[in-house]
Amino acid sequence: MSSGTLLRIFGLLFLLFVTGCHRAPESPPEFVFAPWGLEVRNLRPGTPVKLYNASGRLVLSYPPLWGETEVLVFRWSPGARYILELGEKSYSVTAPQSRIKASLRLFAPLGQSPYEAYLYEDGEVVWTAPPGFAGRDFVLAGEERCFELGLLVTSHVKGPLTLSFPSGEVVLNGPFERHLEISRLCFPDPAHPVVFKVGIDRKELAFPLRWEKTDLSRAVSLLSWRLPTDAYGFLERHRLEGTLIAPNPFWEGLARWLGIKAKGFSRFDPLAYETLVLKNHLSAPLTLLVRADFLDPKTRAPVPGFYPKRFSGHGEMKKPLALVDLPPQGQAKAVLPIFLDETVAPGEYLARVEIFPFGSTKPILVREKRIGVVRGNVALSAALLLVLVLGLGYSAGLLLGLKRLVARFRLRDLTLIALTGAVGFGLDFLGGVASNILHAFLGPFNVLVGGLVTEVAHYLVLTAVLYLLSRPGVVTLSGLITYLMGGFLFGGFRITDPFFVGARLFVLEFFLFVFRAYARDRAGAARLVLALSLADAVNTAISLLLHMTFYRLFFPGWFILLSVGVKGFLYTLIGAILGVRVGRLLLRVER
């Protein structure tokens, strides 16, 4: 088979694949004539709307609308035809032959999201919510056989409207006057439906009700529980799953002072939200109440700082609540606010959610999970700001004054410094490879073994050269060569390098200068060892701080202590002591 034939076959397969992939068809718009105008449903967001009468005269013109359901408010005439333009498409809609006499809202059971219908003057009943419902299948789900129902009737006629219920008659005397009838119905068994009847001006309406006996704890499942999210239930990339980060007063004040933030954090506003996605496995709609709690994991007592502030003097503790309407065989999400005030200490807590059928005090679903609270430290934030300024400032100064710094050294010294930087790069590279291999077996405790290769060997060489060239700038040039070799050979340049590299070199030079570590006597050698050990311990802490800031990494306290105390100070101390001895031998050879 030739290559041209193969290309044709692949082209045909690709064409079939492309033509076979299409978007799901959009639901067509639905039109319902309401007492106050025309409801347009399944509207594409951003669609301009124009309404004309049959003679072509403009009745309404709306700018682009952003809701899926919009109401065009106007007084329509019975039986009249209208032309509705939705963007580039036109639809012909005809008004009902008579006006609306009453609107009905059936709560089955009471508290459930209602079924809505319009009763017209000619006796016709049109169900409007849920869309497509024909009023034939009212299903009540639960274990109890008795339910409370509510029927809310609103009048839309000027004269009196007589309502007939088993309990008696009620007269509505004007437009928008309403009455709520509450009845308690009991089913003998699931096989026998019950009919709920009401008369409206001698027009009898019957609502057949069916009981679906079921355990609601098995009828509802929790698909996902995300924390924290935004107010719309979506995850935010800058937030860590399962962790609440309390705002830092230092950064909040700095942002307001710089004009980055117009409004600061308020303890009366939610810090974040938690979102639950629930699934209904029944053929009946369900209305659920979701309640959130935050407990101490040891005592299991509620932690007050997670709840809304009390605005009344009664001493009650308000809890986040959400109502969820689950369609039959469908799913929906509940978004609950999370508050956090200054009384909540950093640590681990227990988040708990309880899901109730509306009107019941017994939960059908209870879930718990552990969450963490991280609170910023003002002193640590000030230290971070100082590190950022010093790191960036030292990098900028090094970039501008590199020629003057190099001119201070002889060619022999520069050769030795270049060799030191190259050897340091090689040791760091080999130590990094060995550390990565050991990390597969030791995990975070690799810091106790990997540091023996990277810190001891690196500072042995650096200390020996510093003992020979006891001058400021040696550490800077050597560290710069090590950094540039890694960047050019492995493409390791990052936008955060000025902070990491600048801060590291500044701290080393600063400690060497403060400890006057450039003397070759015994006291000077001791100061050199101590200066390098303390400087590397500080640099290790700075590196962890910058990684937590730029890369959103979180380290436990014991790991920080091991890194700073063992890897940063102890291993560097060992390497520096050995380096002083090697430096003395090299100095004797030179002489």
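Chains are numbered independently. Their residues run from 1 in the order of the written sequence. Where local features are concerned, this predicted model is filtered to residues with pLDDT of at least 70; where side-chain atom pairs are given and counted, the filter is 80 or more; whole-chain, interface and lining totals use all residues. Side-chain numbers come from the whole structure's heavy atoms, not from hydrogens or water.

Let's talk about the overall build of the protein chain
In step 1: Here a helix means four or more residues in a row that DSSP labels H or I, a strand means two or more in a row labelled E, and each is numbered from the N terminus. Helix and strand content of the protein chain: 10 helices and 25 strands.
In step 2: For the protein chain, the residues scored as buried account for 41% of the 591 residues in total.
In step 3: In this description, contact between two residues means that some pair of their heavy atoms is separated by no more than 4.5 Å. In the protein chain, once contacts between residues fewer than 6 apart in sequence are set aside, the share between residues at least 24 apart is 66%. Relative accessibility decides the category of a residue: with a 1.4 Å probe and only protein chains considered, values under 20% of the type maximum give buried, values over 50% give exposed, and everything between is partly exposed.

Some points on the pattern of salt bridges
In step 1: Note on definitions: salt bridges are taken to be side-chain nitrogens of Lys or Arg within 4 Å of carboxyl oxygens of Asp or Glu. Counting across every chain of the model gives 16 salt bridges.
In step 2: Arg-105 is paired through a salt bridge with Glu-116; the nearest N and O atoms lie 3.3 Å apart. Of this pair, Arg-105 sits in strand E8 (residues 100-107) while Glu-116 sits in strand E9 (residues 115-120); the two residues are 11 residues apart in sequence, bridging distant segments of the chain.
In step 3: A single salt-bridge network, built from bridges that share partners, covers Arg-291, Asp-293, Arg-300, Arg-352, Glu-354 and Glu-368.

Overview of helix H8 (residues 497-514)
Given 3.6 residues per turn, any residue in an α-helix points the same way as the ones three and four places further on.
In step 1: A helix is expected to span 1.5 Å multiplied by its residue count minus one. A rise of 1.5 Å per residue sets the reference length of H8, with its 18 residues, at 26 Å; its end C-alpha atoms lie 25 Å apart and thus fit the reference within 8%.
In step 2: Buried within H8 we find Asp-497, Phe-499, Phe-500, Val-501, Gly-502, Ala-503, Leu-505, Val-507, Leu-508, Glu-509, Phe-511 and Leu-512.
In step 3: Just downstream of H8, Arg-516 is the residue with a positive phi angle, here 45°.

As for the environment of Leu-392
In step 1: Mapped onto the elements of the fold, Leu-392 is located in helix H4 (residues 378-407).
In step 2: Distance from Leu-392 to Thr-496, taken between C-alpha atoms, is 9.5 Å for residues 104 residues apart in sequence.

Describing the nonpolar core
In step 1: Of all hydrophobic cores here, the largest spans 41 residues; its most connected members are Leu-466, Val-474, Leu-512, Leu-528, Leu-532 and Leu-546.
In step 2: Contributing elements (two or more residues each) for this core: H4, helix H6 (447-468), helix H7 (474-490), H8, helix H9 (522-550) and helix H10 (557-590).
In step 3: When neighbours within four sequence positions are excluded, Leu-528 is seen to be in contact with Thr-463, Leu-466, Leu-512, Ala-517 and Val-580.
In step 4: Formed by 40 residues, the second largest nonpolar core is a distinct cluster that contains Leu-216, Ala-272, Val-290 and Ala-351. Working definition of a nonpolar core: buried Ala, Val, Leu, Ile, Met, Phe, Trp, Tyr and Cys residues. They are joined through side-chain atoms within 4.5 Å.

Observations concerning the sheet that holds strand E24 (residues 347-357)
In step 1: Whether two strands pair depends on DSSP finding at least two bridges between them. Pairing in this open sheet of 5 strands is mixed, and the strands run E19-E25-E24-E21-E22 from one edge to the other. Two strands lie at the open edges of the sheet, namely strand E19 (243-246) and strand E22 (321-326), each paired on one side alone. Geometrically, the sheet is characterised by an average inter-axis angle of 30° between neighbouring strands, direction not taken into account.
In step 2: In this structure, E24 lies alongside strand E25 (residues 365-375), joined through 9 bridges in antiparallel fashion. Bridge pairing in E25 places Ala-351 opposite Lys-369. In this analysis, axes come from line fits to C-alpha atoms, helices being fitted only over the stretch in contact, and the angle between any two N-to-C directions falls in the range 0 to 180 degrees.

Considering the confidence of the model for the protein chain
In step 1: Every residue carries a pLDDT, the predictor's confidence in it, which falls somewhere between 0 and 100. On average, residues of the protein chain carry a pLDDT of 83, and 89% of them reach 70 or more.
In step 2: Low confidence marks residues 15-24, where pLDDT is under 50. Its contacts with residues over four positions away, or in another chain, come to 0 contacts.
In step 3: Of the regions scoring below 50 in pLDDT, residues 311-317 engages in 8 contacts with residues more than four places distant in sequence or in other chains.

So, the packing of aromatic side chains
Given two aromatic rings, their pairing is described by the distance between the two centres and the angle made by the two planes.
In step 1: Note on aromatic contacts: the rings of Phe and Tyr and the six-membered ring of Trp form a pair at centre separations within 6.5 Å, being stacked when their planes are under 30 degrees apart, edge-to-face when over 60 apart, and tilted otherwise. In the structure shown here, the tally under the stated rule is 24 aromatic pairs.
In step 2: Pairing Phe-499 with Phe-550 gives two aromatic rings, centres 5.6 Å apart and planes at 35°, and the pair type is tilted. Of this pair, Phe-499 sits in helix H8 while Phe-550 sits in helix H9, placing them 51 residues apart in sequence.
In step 3: Here Phe-499 falls in the buried class, since its relative accessible area comes to 17%.
In step 4: Phe-550 sits in the partly exposed class, given a relative accessible area of 31%.
In step 5: Between Phe-511 and Phe-515 the ring centres are 6.1 Å apart and the planes differ by 15°, which places this aromatic pair in the stacked class.
In step 6: Judged by relative accessible area, which is 16%, Phe-511 ranks as buried.
In step 7: The structure contains a cluster of three or more aromatic residues connected by ring pairs, namely Tyr-115, Trp-127, Phe-138, Phe-196 and Phe-207.

Digging into the state of the cysteines
As used in these notes, a disulfide is a covalent bond between sulfur atoms, one from each of two cysteines.
In step 1: We call a pair of cysteine sulfur atoms a disulfide when they lie within 2.5 Å. Evaluated as defined, the whole model comprises 1 disulfide.
In step 2: Between the sulfur of Cys-146 and that of Cys-186 lies a disulfide, 2.0 Å long from S to S. Disulfide Cys-146-Cys-186: the torsion about the S-S bond is 110°, which places it as right-handed. Here Cys-146, found in strand E12 (residues 146-155), pairs with Cys-186, found in strand E15 (residues 178-186); they are 40 residues apart in sequence, far enough to count as distant.

Regarding the side chain of Asp-413
In step 1: With respect to the helices and strands, Asp-413 occurs in helix H5 (residues 411-442).
In step 2: Setting aside its immediate chain neighbours within four residues, Asp-413 contacts Leu-469 and Arg-471.

Details of the pairing of strand E7 (residues 89-94)
In step 1: Pairing of strand E6 (residues 81-86) with E7, which is carried by 6 bridges, proceeds in the antiparallel orientation. Pairing of Glu-85 across the sheet is with Ser-90, part of E7.
In step 2: Where E6 hands over to E7, the hairpin turn is made up of 2 residues, of which Gly-87 adopts a positive phi near 70°.

Description of a nonpolar patch on the surface
In step 1: A contiguous nonpolar surface patch, about 1200 Å² in accessible area, is contributed by Phe-429, Leu-430, Val-433, Ile-437, Phe-441, Leu-442, Phe-445, Val-449, Leu-452, Leu-489, Phe-490 and Trp-558.
In step 2: Those elements that provide at least two residues to the nonpolar patch are H5, H6 and H7.
In step 3: Examining the composition of the nonpolar patch, we find that 6 residues originate from one element, H5, more than from any other.
In step 4: Within the secondary structure, Leu-442 sits in helix H5.
In step 5: Residue Leu-442 is classed as partly exposed on the basis of its relative accessible area, which comes to 34%. Each patch is built from salt-bridge-free residues with over 30% relative accessible area, joining like charges within 9 Å and nonpolar side chains (Val, Leu, Ile, Met, Phe, Trp, Tyr) within 5 Å. Surface accessibility in these figures is a Shrake-Rupley result with a 1.4 Å probe; residues are shielded only by whichever protein chains are displayed.

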